[in-house]
Amino acid sequence: MDQYFVECDRTAWKIKYEGSYVGIFPTKEMAVNWAIERAHNALARGDRALVLSQGEDQAFRVEWASDEAAR
């Protein structure tokens, strides 16, 4: 399963995928939307994908999942 983690880094939002940062955005919304767009590529390959974002409490929550089982 492809997993995208949207993390807050002071004034920017970074996306971590397979252990590396793949994007930096000024807002959480922009980062989540970009990650969801990329996650759709997994669907095109017949795989599953998950996008999680970090909240103010530092915990990650599901923003988007390719199937309801991941929610």
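Residues numbered from 1 in each chain as written. Predicted model: local features only at pLDDT ≥ 70, side-chain atom pairs only at ≥ 80, totals over all residues. Heavy atoms only, no water.

(A) Up close: the sheet that holds strand β5 (residues 60-65). Pairing in this open sheet of 5 strands is mixed, and the strands run β3-β2-β1-β4-β5 from one edge to the other. The open sheet has two free edges, formed respectively by β3 (20-25) and β5, since each of these has just one partner strand. Within this sheet the neighbouring strands show an average axis-to-axis angle of 25°, counted without direction. For strand β1 (residues 2-9) and strand β4 (residues 49-54), the ladder comprises 5 bridges, and the chain directions are parallel. Looking across to β4, one finds that Asp2 is bridged to Ala49. (Pairing = 2+ DSSP bridges. Helix = DSSP H or I, 4+ residues; strand = E, 2+ residues; numbered from the N terminus. Axes fitted to C-alpha atoms, helices over the stretch in contact; angles between N-to-C directions.)

(B) Broad picture of the pattern of salt bridges. Counting across every chain of the model gives 6 salt bridges. Salt-bridge contacts for Arg45 lead to Asp2; the nearest nitrogen and oxygen are separated by 2.7 Å. Within this pair, whereas Arg45 is found in the loop between α1 (28-44) and β4, its partner Asp2 is found in strand β1, the two being separated by 43 residues in sequence. Taking the relative accessible area as the measure of exposure, Arg45 reaches 48% and is therefore partly exposed. Note that Asp47 and Arg45 form a salt bridge whose closest N and O atoms lie 3.3 Å from each other. Note on Asp47: relative accessible area 36%, which makes it partly exposed. (Salt bridge = Lys/Arg side-chain N within 4 Å of Asp/Glu carboxyl O. Buried < 20%, exposed > 50% of the residue type's maximum accessible area, 1.4 Å probe, protein only.)

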